[in-house]
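Coordinates in review
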Amino acid sequence: MRRTQLKSIIVFLSFWSFCSVSAAIVDTPEATLSPAQREWLLDNPQKAKQLYISEIDTSTRKEVPAFNAAYISYLDGDFPDTEKYLNIALSENPKYGPALFLKGLIEYDRRNLKNSFNSLRKSIKTHPHPELPNYYLGKFLYERKRYDEAIDYLEDAISDFKLYTFSYSLLGQLYIEINKLDKAIEILEKGFVYSHDADIIYYLAKAYELSKQTKNAIKYYGLFAYLYPQHPNYQQAKQFLDNHHITKYWTNRLEPIPERGESARFFPAGEDYVYSIHWGPIRVGELNTKILGSLEYNGIDAYKVQFSMDSNPALEFIATLHSDYITIVDQRTKQTLRHYLHLRENKIIAEKVYDYDRENGIFKCRTVHKDGHIDYLEKYLPRDCIDGTSILFYARQIVSECRTEIVLTTIDETFVQTDIQFNDIKEPIEVRGNSEYAYKISGESHYKGIVGFTGKFRGWFRDCEAHLPVGSDFEIWVGRIRISMASVEEQQLHRYKR
């Protein structure tokens, strides 16, 4: 997803914001989901499929619901229905990129390689996310041992979207197979900067092992074993570490979260605050954070929260941002259970749900894109990972425990580290015209976005039972931004909300 300068400024504020919740996680006043979209996002694919089928006859773009029905059928292994609805989509629009992409996958499964490769090449030209057909064409060529061609397409996939991190791990595997270990290490180290994906870390360790750089191999196998104990390659990594008598793994400063009991349930239902965001003298946007209550989610006591982000309408010539994020978090641990993203960021229009299946170690992302076509992404889930907007929950928890922690966070489907340091310091800060002493934290986000958005930050939290955030500032690539609690008048007006 491409980001603008103003988006880079405002989205960073997600570290200090959280939110209100309605009856279901995808309920937000801004979202206008169809019944089929709603069922897809809530992980009811068969209901979604039937609803998409019922939309085909009345849709002004029949290729979209037809593709969606075909895609769900493909994920379910129902190939007759996949072909049936895919044919409808392509008959309506022979150049529809997502349908051509799916055609390429189906033809490859049938071993019709010429048809598969032709469909994928056509899809690259018309797919709104060309990194997908580029990646799969590279993957299929790699499987056929057509290495030079595979490298070209995988490099194109990375160029198309640097945060589609599957491309790094596969290209690293390819270089390992052809014994270009230096190239493998180079591309996997680059991927590691963008995301701590399981396969990136594992194959980076493997490349170091094969190149006789044992110290680095021990380092990355250790991190892999620490983060991904449910991964199929865990035993191989552990065997290597055991053979080298390694019992204390390198974790890149990550540590297990502490046990938390009843005292961790201190978030107050009904909390509702607007924060002003300034870039220099310019008020560039508002954040509205709410906590509307608790619920039981899959047998876990949880909070539902919402964070809304709105840009200054006077700056529409730069960017228009109106997004909502709804999260269900474990009341005790503050770990994310489910996260909904209603994205309205200039040309980026999408609905997403992240599911954190901690029992099986799987991260799942279901998406409805701007034109309505759906997508699904699945990765291995590293331990103790939370979503990027819920980092504020964790910051409040850290303040309550007077501790420092490195937090692994999901941003744009990548896994990156955020340093949060509790300084055991109180400083004066102006809150709605009054000065009060607040606990200070500092830290740094290691997220690498498209425009290099990353940086150091500071935050101030009220000395009260709820540890309310009252202000923060960030040093980012375009300067410094400042976040403060909005005045009573600004709170009441909430003038940027749309």
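We now turn to the structure provided with this report. Predicted model only: the values in this text are computed from it and were never measured. (Residues numbered from 1 in each chain as written. Predicted model: local features only at pLDDT ≥ 70, side-chain atom pairs only at ≥ 80, totals over all residues. Heavy atoms only, no water.)

**Some words on the overall build of the chain**
On a plain count of helices and strands, the chain comes out with 16 helices and 15 strands. The C-alpha atoms of the chain give a radius of gyration of 23 Å, which matches the 23 Å a tight globule of 498 residues would have. Summarising its shape, the C-alpha atoms of the chain cover approximately 70 × 65 × 45 Å along the three principal directions. Scored against the burial criterion, the 498 residues of the chain give a buried share of 59%. In the chain, the share of contacts with a sequence separation of at least 24, taken over all contacts with a separation of at least 6, comes to 56%. By element, 48% of the accessible surface of the chain is carried by carbon and sulfur atoms, the whole surface being about 20400 Å². Across the chain, the mean location of the 63 positive side-chain charges is 3 Å away from that of the 68 negative side-chain charges. (Helix = DSSP H or I, 4+ residues; strand = E, 2+ residues; numbered from the N terminus. Rg over C-alpha atoms; globule rule 2.2 N^0.38 Å. Buried < 20%, exposed > 50% of the residue type's maximum accessible area, 1.4 Å probe, protein only. Contact = heavy atoms within 4.5 Å. Areas by Shrake-Rupley, 256 points an atom, 1.4 Å probe, with all protein chains shown as cover. Lys, Arg positive; Asp, Glu negative; His and termini not counted. Charge placed at Lys NZ, Arg CZ, Asp CG, Glu CD.)

**Points about unusual backbone geometry**
Located in the positive-phi region is cysteine 402, a residue other than glycine, with phi close to 55°. You can see cysteine 402 is positioned in the loop between helix 15 (391-401) and strand 10 (405-411). You can call cysteine 402 partly exposed: its relative accessible area is 48%. Although it is not a glycine, aspartate 424 sits at a positive phi angle of roughly 55°. By secondary structure assignment, the location of aspartate 424 is in strand 11 (residues 414-431). Residue classification places aspartate 424 among the exposed positions, given a relative accessible area of 58%.

**Some points on the packing of aromatic side chains**
Under the counting rule described, the total for this entry stands at 29 aromatic pairs. Taking 5.2 Å as the distance between ring centres and 90° as the angle between the ring planes, the aromatic pair formed by tyrosine 202 and tyrosine 203 counts as edge-to-face. Residue class for tyrosine 202 comes out buried when judged on its relative accessible area of 6%. Taken together, the ring pairs connect Phe101, Tyr108, Tyr135, Tyr136, Phe140, Tyr164 and Phe166 into an aromatic cluster. Positioned over the ring face of tyrosine 108 is arginine 111, at 5.2 Å from the centre of the ring. Taking the ring centre of phenylalanine 415 as reference, the NZ or CZ of lysine 379 above it sits at 5.3 Å. (Phe/Tyr/Trp six-rings, centres within 6.5 Å; stacked < 30°, edge-to-face > 60°. Lys NZ or Arg CZ within 6 Å of the ring centre and 35° of its normal.)

**Comments concerning the environment of alanine 217**
Within the secondary structure layout, alanine 217 lies in helix 13 (residues 214-227). Judged by relative accessible area, which is 0%, alanine 217 ranks as buried. For the pair alanine 217 and aspartate 199, spaced 18 residues apart in sequence, the C-alpha to C-alpha distance is 14 Å. Setting aside anything within four residues of it in sequence, one finds alanine 217 in contact with Ala205, Tyr208, Glu209 and Phe240.

**Notes on the pattern of salt bridges**
Scanning the entire structure with this criterion turns up 33 salt bridges. A salt bridge links glutamate 262 to arginine 332; the nearest nitrogen and oxygen atoms lie 2.6 Å apart. Of this pair, glutamate 262 sits in the loop between helix 14 (234-243) and strand 1 (271-279) while arginine 332 sits in the loop between strand 4 (322-330) and strand 5 (336-345), placing them 70 residues apart in sequence. Residue glutamate 262 is classed as exposed on the basis of its relative accessible area of 52%. Assessed through its relative accessible area of 29%, arginine 332 is described here as partly exposed. Two residues, glutamate 413 and lysine 352, come together in a salt bridge whose shortest N-O distance is 3.0 Å. Separated by 61 residues along the polypeptide, glutamate 413 in the loop between strand 10 and strand 11 and lysine 352 in strand 6 (residues 348-357) bring together distant segments of the chain. What makes glutamate 413 buried here is its relative accessible area of 9%. Linked through salt bridges whose partners overlap, the residues forming this network are Asp43, Arg338, Asp355 and Arg366. (Salt bridge = Lys/Arg side-chain N within 4 Å of Asp/Glu carboxyl O.)

**So, the environment of glutamate 186**
By the secondary structure assignment, glutamate 186 is in helix 11 (residues 181-194). On the basis of relative accessibility, which here comes to 52%, the residue glutamate 186 falls in the exposed class. Spatially, the C-alpha atom of glutamate 186 lies 10.0 Å from that of alanine 207, the residues being 21 residues apart in sequence.

**Here's the deal with the side chain of asparagine 134**
Take asparagine 134: it is sitting in helix 8 (residues 131-143). If sequence neighbours within four positions are ignored, asparagine 134 has contacts with Ile124, Tyr153, Leu154, Asp156, Ala157 and Asp160.

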